[in-house]
Amino acid sequence: FVFIAVLLAFGCFALWDTSQLRAEASTVRWEPYRPADDATGADAGRASFEGDAATGAPSFASLRATNPEVIAWLDVYGTNIDYPVTQAESNMKYINTDAMGAYSAAGSLFLDSGSDAAFLDFTSIIYGHHMEGDVFFGGLGRFSDSAYLEEHRYGRLYADGRWQGLEAVAFVHADAYDKAVYRTGDLPRQDRDAYLQTLYARALHVRGNKWPDGVADGRLVLLSTCSPGATNGRDILVCVLSNTVVPDPFAATAAASGAGTSADADSANRQQGAGGTGGAWSLISLICVVLSVIAAVTGAAIRLLARRQGAGSPGQADRQEQTSGGQATDKQTPPGPRRERERDGGQPRERAFVVWVVAVVFGLATLVVWLVFDDVTLPMTLINSGTPLIVAMTVVQAALHLLHARLQKRADRSTPNPRSS
């Protein structure tokens, strides 16, 4: 039991640590710092930071005041990609540093140190960790589906004091050390066509099977993350940057449905959580479920062991004894109090079995309820909407196990030990 308790504690800590990591990278945490947007179209969305100092409200300006290396904001419509972008002298810094400048294993989205902070180069590369739950660039692999790329083709980038439009045009799978792909800076015009041909050759698909007209004279933004299918594999979403900001088509859909979010239905479900838990799973609920399962399994093992031991013991009604002459004689159990005790012990034993079955059913039901209410891919909290029900079911199961033990003890007392006769 000590070993099981240690494993349980370690598992709970691991889940808590993973949940904290996701919470650090959650879009909910960073949303208050998103730059304001006042309009759409060319040169749109110039943010006003007036009053931030007076109100103390979070803003992009306050975020930059905390960490001047925050240089942009990336928003891909209909996905969970909605984060600040940082840039440092070394690409290693923001692998384990968040946008506040604090240590975080989740890191931050960051622009390649060789790219222009105002995104004026022909190619600009933004890196981010591939994390579960579509956190950071964890959902970038979804663009490997051409239909998903077509549906989520638009986004926006805030840089140099204004929002600019993004349009995804290709999904590329490349090696992390492929220098022909990972090129930054303002490429000379004569090198751009060759670079576009390289990207096209490595692309899983390109929208319309061709580059948009005039792309060689424009600007590209590459979103890069690890590919889960290969050690050095990288998934890259190629976007064209322009001055025209397309309105978020998912915002209108969300407003009409009352969802109040720009994410698509799949992302909205992940934000809300399974069973309406409010976007978090409960640690207390998980502990209750684990204890319920342990109690059910342990109870079953004890009953099975007791049954096997009982089957291997001498008969309770009749047994043979050796006489002094060495001949076996049958000693019959005479009628009387002993027989009555055996009959009386049957009823508590049957009741104990019924109570045990009900306790096991409650344990399985607790597990089912937990699966309905909790999703461990979401952030963790101590309690959620399903916790009171799960705790109540666990308490009932514990009471049933205690009642079962009491009835079983009474039945054992009512049944005489054949070796003591």
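Residues numbered from 1 in each chain as written. Predicted model: local features only at pLDDT ≥ 70, side-chain atom pairs only at ≥ 80, totals over all residues. Heavy atoms only, no water.

Participant: Is there a simple way to think about the packing of aromatic side chains in this case?
Facilitator: The description of an aromatic ring pair uses the distance of the two centres, along with the angle that the planes make with each other. Evaluation of the coordinates by the stated rule reveals 11 aromatic pairs. Relative to Y33, the ring of W30 lies with its centre 6.1 Å away and its plane at 50°, an arrangement referred to as tilted. For the pair formed by W30 and Y33, the shared burial category is buried. Aromatic side chains Y200 and W211 sit 6.3 Å apart centroid to centroid with 70° between the ring planes, which places their arrangement in the edge-to-face category. Linking Y200 in helix α6 (residues 189–202) with W211 in the loop between β7 (203–206) and β8 (219–226), this pair joins segments that are 11 residues apart in sequence. Grouped by ring-pair contacts, the aromatic residues F60, W73, Y158 and W163 constitute a single cluster. The ring of W163 carries the charged tip of R156 above its face, separated from the ring centre by 3.9 Å. (Phe/Tyr/Trp six-rings, centres within 6.5 Å; stacked < 30°, edge-to-face > 60°. Buried < 20%, exposed > 50% of the residue type's maximum accessible area, 1.4 Å probe, protein only. Helix = DSSP H or I, 4+ residues; strand = E, 2+ residues; numbered from the N terminus. Lys NZ or Arg CZ within 6 Å of the ring centre and 35° of its normal.)

Participant: Honestly, the pairing of strand β4 (residues 123–127) in this entry has me stumped. Any pointers?
Facilitator: Within a regular strand, side chains alternate between the sheet's two faces. With respect to burial, β4 is a largely interior element, five of its five residues being buried. Side chains of β4 alternate between two faces, with T123, I125 and Y127 and S124 and I126 buried alike. One ladder, built from five bridges, connects β4 with β8; its direction is parallel. In the strand pairing of β8, S124 is matched with V221. (Pairing = 2+ DSSP bridges.)

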